[in-house]
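Chains, contacts and geometry: an overview
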Amino acid sequence: MQQFIMHVDMDAFFASVEQLDNPELRGKPVAVGGESSRSVISAASYEIRKYGVHSAMPVGQALKLCPHAIIIPGRRDRYKELSKIIMGILSDYSPVVEQASIDEAYLDITGTEKLFGPPQKLGATIKKRIKKETGLTASVGIAPVKFLAKIASDLQKPDGLSFIHPDEVEGFMAELPIEKIPGVGKKSVPLFHSLAVYKAADLLRYSREFWKNKIGERGPVLYNKALGIDPSRVTPESAIKSSSAENTFGEDISSIAELKKWLLIQSERVAGELRKNEVKGRTVTVKIKYPDFRQITRSRSLETPTSHAMTIYETGCAILDVLGNTGPVRLIGIGVSNFGKKQVHLSLFEEKDEGRLDKLDQAVDRVREKFGKSMLTRAGLLDRGK
Ligand SMILES: [Mg+2]
């Protein structure tokens with residue numbers, strides 16, 4: 001089966017989030033960076049890039065290039081929150097997702113065609129969902145191998161969608177500047193140029209052995225890349241320590257029933273992640289943020305570790321019930337942690353119950369695999385007015 005890898009990269013992520021949350025910043029030369037002029041820019045909006053400002057540039061230099069630049073401090077928690085939403089969306093379309101950084105990820109989408117259509121269509125679907133659920137744009141690159149997917153996502157930024165068909169790889173390598181291949185550092189560019197190697201395909205004028213002698217083990221690897229060969233796999237992170245989901249509301253929510261509906265959606269997501277990682281947790285934590293940004297967390301530990309959505313959800317509801325009427329809420333989230341070993345003292349009933357829930361959740365997973373997560377919401381989301 002033809003392998004396809006997708007690379008999803010958010011556009012000017014931190015800066016875009018600031019412009020999203022603060023409409024006054026839209027269309028303006030915004031950059032996220034530290035307050036000291038010696039600190040560096042961590043994200044540059046597209047507006048400020050026109051002045052030559054880019055990330056990793058000292059703030060002082062950025063202000064010289066663009067004196068009316070708006071440099072704002074970052075809000076790590078907000079970026080993380082959105083990152084989690086984005087990664088959650090991606091996990092709906094492939095079981096093999098590798099988060100490469102806070103705002104980019106690889107997906108192995110090999111064989112998903114029957115479910116989601118051809119690769120480009122899936123790329124468009126994912127972009128649309130990210131835009132709809134976060135308000136942000138992403139650029140997507142799809143190619144037969146990992147390093148080309150990453151290069152592809154950069155081709156039409158921002159809001160881009162690039163697809164390199166296997167038949168196009170050869171032509172693509174003939175045009176690709178050598179320094180665009182990952183592993184070719186700025187320092188080694190003169191060496192390649194001295195050998196009249198300007199494009200990736202130029203590497204092929206010499207043998208694998210030549211490159212091995214010239215630059216060591218890296219040589220044959222680059223040679224293979226010039227052929228469009230890259231054995232790198234998409235490797236999902238394995239050892240997770242906790243799993244959580246949260247949502248910030250456009251308008252504060254006061255209704256407990258409505259908050260519980262959010263807990264149910266989040267519990268589904270958390271349970272799905274736990275099962276994907278084949279872990280169960282004993283501690284359920286609910287997090288609430290109020291309009292004045294005051295934040296509380298309340299936890300409850302279970303007798304038995306769980307990865308069941310309903311168990312997580314009901315524990316979350318119990319926590320909420322104890323808190324009582326909390327007034328308007330800006331954010332609610334639920335998480336599961338404490339992935340210790342299974343408790344020894346299981347009652348027969350609990351075991352039985354867990355077994356039944358296992359089956360239910362496995363069925364949910366199967367339907368999800370088949371249709372994508374959005375197709376399936378438990379009936380409870382619709383009618384559970386708890
Ligand atoms: Mg990015």
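For the structure itself, consult the block above.
For every chain, the first residue of its written sequence is number 1, and the numbers climb from 1 along that sequence. Residues qualify for local features only when their pLDDT is at least 70, as the model is predicted, and side-chain atom pairs are given and counted only at 80 or more; totals for whole chains, interfaces and linings, by contrast, use all residues. Hydrogens and waters are ignored; side-chain quantities use all the structure's heavy atoms.

1. A word on the sheet that holds strand β3 (residues 41-44)
Heads up, the rule is: Two strands are said to pair when DSSP picks up at least two bridges between them. By the criteria applied, helices consist of DSSP H or I runs no shorter than four residues and strands consist of E runs no shorter than two, each listed in order from the N terminus. Under this scheme, a helix contributes an axis fitted over its contacting stretch, all axes are lines through C-alpha atoms, and angles between N-to-C directions fall in the 0 to 180 degree range. The contact definition used throughout considers only heavy atoms, calling two residues in contact when any of these lie within 4.5 Å.
Reading across the sheet, the 3 strands line up as β3-β2-β4 and stay open at both edges, with mixed pairing between neighbours. A single partner strand is all that each edge strand has here, and the edge strands are β3 and β4 (70-72). Neighbour-to-neighbour, the strand axes of this sheet turn through a mean angle of 30°, independent of strand direction. In terms of strand pairing, strand β2 (residues 30-33) meets β3 through 3 bridges, oriented antiparallel. Of the residues in β3, the one forming a bridge with Val-32 is Ala-43. Here helix α1 (residues 13-21) sits on the sheet in contact with β2, β3 and β4, set at roughly 120° to β2.

2. Regarding the packing of helix α10 (residues 208-215) against helix α11 (residues 218-226)
When two helices pack together, their arrangement is given by the angle between the helix axes and by the axis-to-axis distance. Going by this rule: When an angle is under 35 degrees it counts as roughly parallel; over 145 it counts as roughly antiparallel; between 65 and 115 it counts as roughly perpendicular; any other value is oblique. The crossing is said to be left-handed when, going from far helix to near helix, the turn is anticlockwise and less than a right angle, and right-handed when the turn is clockwise.
Between α10 and α11, the shortest axis-to-axis distance is 7 Å and the interhelical angle comes to 135°. It follows that α10 is oblique to α11 by the angle criterion. Regarding α10 and α11, the two cross each other, and that crossing is right-handed. Note on element contacts: α11 touches α10 through Arg-218, Gly-219, Pro-220, Leu-222, Tyr-223 and Asn-224, opposite Arg-208, Trp-211, Lys-212 and Ile-215.

3. A short note on the coordination of the magnesium ion
To keep it simple, the criterion reads: We call an atom a donor if it is N, O or S and sits within 2.8 Å of the metal, or 3.2 Å for Na, K and Ca. Water is not counted, so some sites may look partial. For each residue, the accessible area found with a 1.4 Å probe, counting protein chains only, is set against the maximum for its type, and the residue is called buried under 20%, exposed over 50%, and partly exposed in between.
Coordination of the magnesium ion by the protein involves Asp-9 (OD), Met-10 (O) and Asp-103 (OD), with metal-donor separations of 2.2 to 2.4 Å. Of note, the magnesium ion draws all its donor residues from one chain, in the sequence arrangement D-M-x92-D. As far as burial versus exposure is concerned, Asp-9 and Met-10 are alike and both buried.

4. Let's talk about the packing of α1 against helix α4 (residues 76-90)
Two elements in contact, α1 and α4, have axes separated by 10 Å at closest approach and are oriented at 100°. Taken as axis vectors, α1 and α4 run roughly perpendicular relative to one another. Across the interface between the two elements, Phe-13, Phe-14, Val-17, Glu-18, Leu-20 and Asp-21 of α1 pack against Arg-76, Arg-78, Tyr-79, Leu-82, Ser-83 and Ile-86 of α4.

5. Digging into the sheet that holds strand β12 (residues 329-337)
The 4 strands are arranged β9-β12-β10-β11 in an open sheet whose pairing can be described as antiparallel. With partners counted over all chains shown, the strands left at the sheet margins are β9 (243-253) and β11 (295-306), one partner each. Ignoring strand direction, the axes of neighbouring strands in this sheet form an average angle of 15°. Bridge count for strand β10 (residues 281-289) against β12 is 7 bridges, and the pairing is antiparallel. For Thr-283, the partnering residue across the bridge sits in β12 and is Ser-337. Contacting β9, β11 and β12, helix α12 (residues 256-276) crosses the sheet at an angle of about 155° to β9. Packed onto the sheet, helix α13 (residues 309-323) meets β10, β11 and β12 and runs at close to 140° relative to β11.

6. Thoughts on α4
Rule in force here: What a helix should span is 1.5 Å times the count of its residues minus one.
Under the 1.5 Å per step criterion, the end-to-end length of α4 is 21 Å for 15 residues, consistent within 8% with the ideal 21 Å. All of the buried residues in α4 are Arg-78, Tyr-79, Glu-81, Leu-82, Ser-83, Ile-85, Ile-86, Met-87, Gly-88, Ile-89 and Leu-90.

7. A word on the pairing of strand β7 (residues 138-143)
Taken across its 6 residues, β7 has 6 buried, putting it largely inside the fold. Every second residue of β7 is oriented toward a common face, with Ala-138, Val-140 and Ile-142 on one face and Ser-139, Gly-141 and Ala-143 on the other, all of them buried. Taken together, the 6 bridges between strand β1 (residues 5-10) and β7 define a ladder with antiparallel strand orientation. Across the sheet, the residue bridging to Asp-9 is Ser-139, located in β7. Here β7 runs beside strand β8 (residues 161-163); their pairing, made up of 3 bridges, is parallel.

8. What about α1?
At 3.6 residues per turn, the α-helix brings residues three or four places apart onto the same side. The element α1 is extensively covered by neighbouring structure, given that 7 of its 9 residues are classed as buried. Residues of α1 that are buried sit in contact with β1, β2, β3, α2 (46-49), β4 and α4.

9. Regarding the side chain of Ser-94
Where we set the bar: N or O atoms within 3.5 Å of each other form a polar contact, as long as, within protein, one can give a hydrogen and the other can take it, and as long as residues adjacent in sequence are counted only when both atoms are side-chain atoms.
With respect to the helices and strands, the residue Ser-94 is situated in the loop between α4 and β5 (97-101). Among the polar contacts made by the side chain of Ser-94, one reaches the main-chain amide nitrogen of Val-96 at a distance of 2.9 Å. Within polar-contact distance, the side chain of Ser-94 engages the backbone oxygen of Asp-108 at 2.7 Å. Contacts of Ser-94, omitting those with residues within four sequence positions, involve Leu-107 and Asp-108.

10. Let's talk about the nonpolar core
Short version of the rule: For our purposes a nonpolar core is just a set of buried Ala, Val, Leu, Ile, Met, Phe, Trp, Tyr and Cys residues, chained together by side-chain atoms within 4.5 Å.
Membership of the largest hydrophobic core comes to 35 residues, with the highest contact counts inside it found for Met-6, Val-8, Phe-13, Leu-90, Leu-107, Ile-126 and Ile-130. Within the residue set of this core, elements represented by two or more residues are β1, α1, β2, α4, β6 (104-108), α6 (119-134) and β7. The element contributing the most residues to this core is α4, with 7 residues. The contacts of Leu-107, once residues within four sequence positions are left out, are Phe-4, Ile-5, Met-6, Val-8, Leu-90, Tyr-93, Ser-94, Val-96, Val-97, Ile-126 and Val-234. With 29 residues, the next largest nonpolar core counts Tyr-106, Ala-143, Val-197 and Leu-203 among its residues.

11. Points about the environment of Gly-111
With respect to the secondary-structure elements, Gly-111 resides in the loop between β6 and α5 (113-116). Spatially, the C-alpha atom of Gly-111 lies 8.2 Å from that of Phe-4, the residues being 107 residues apart in sequence.

12. Some details on the environment of Ile-319
Mapped onto the elements, Ile-319 comes out in helix α13. On a C-alpha basis, the gap between Ile-319 and Ser-299 in space is 7.4 Å, while along the polypeptide they are 20 residues apart.

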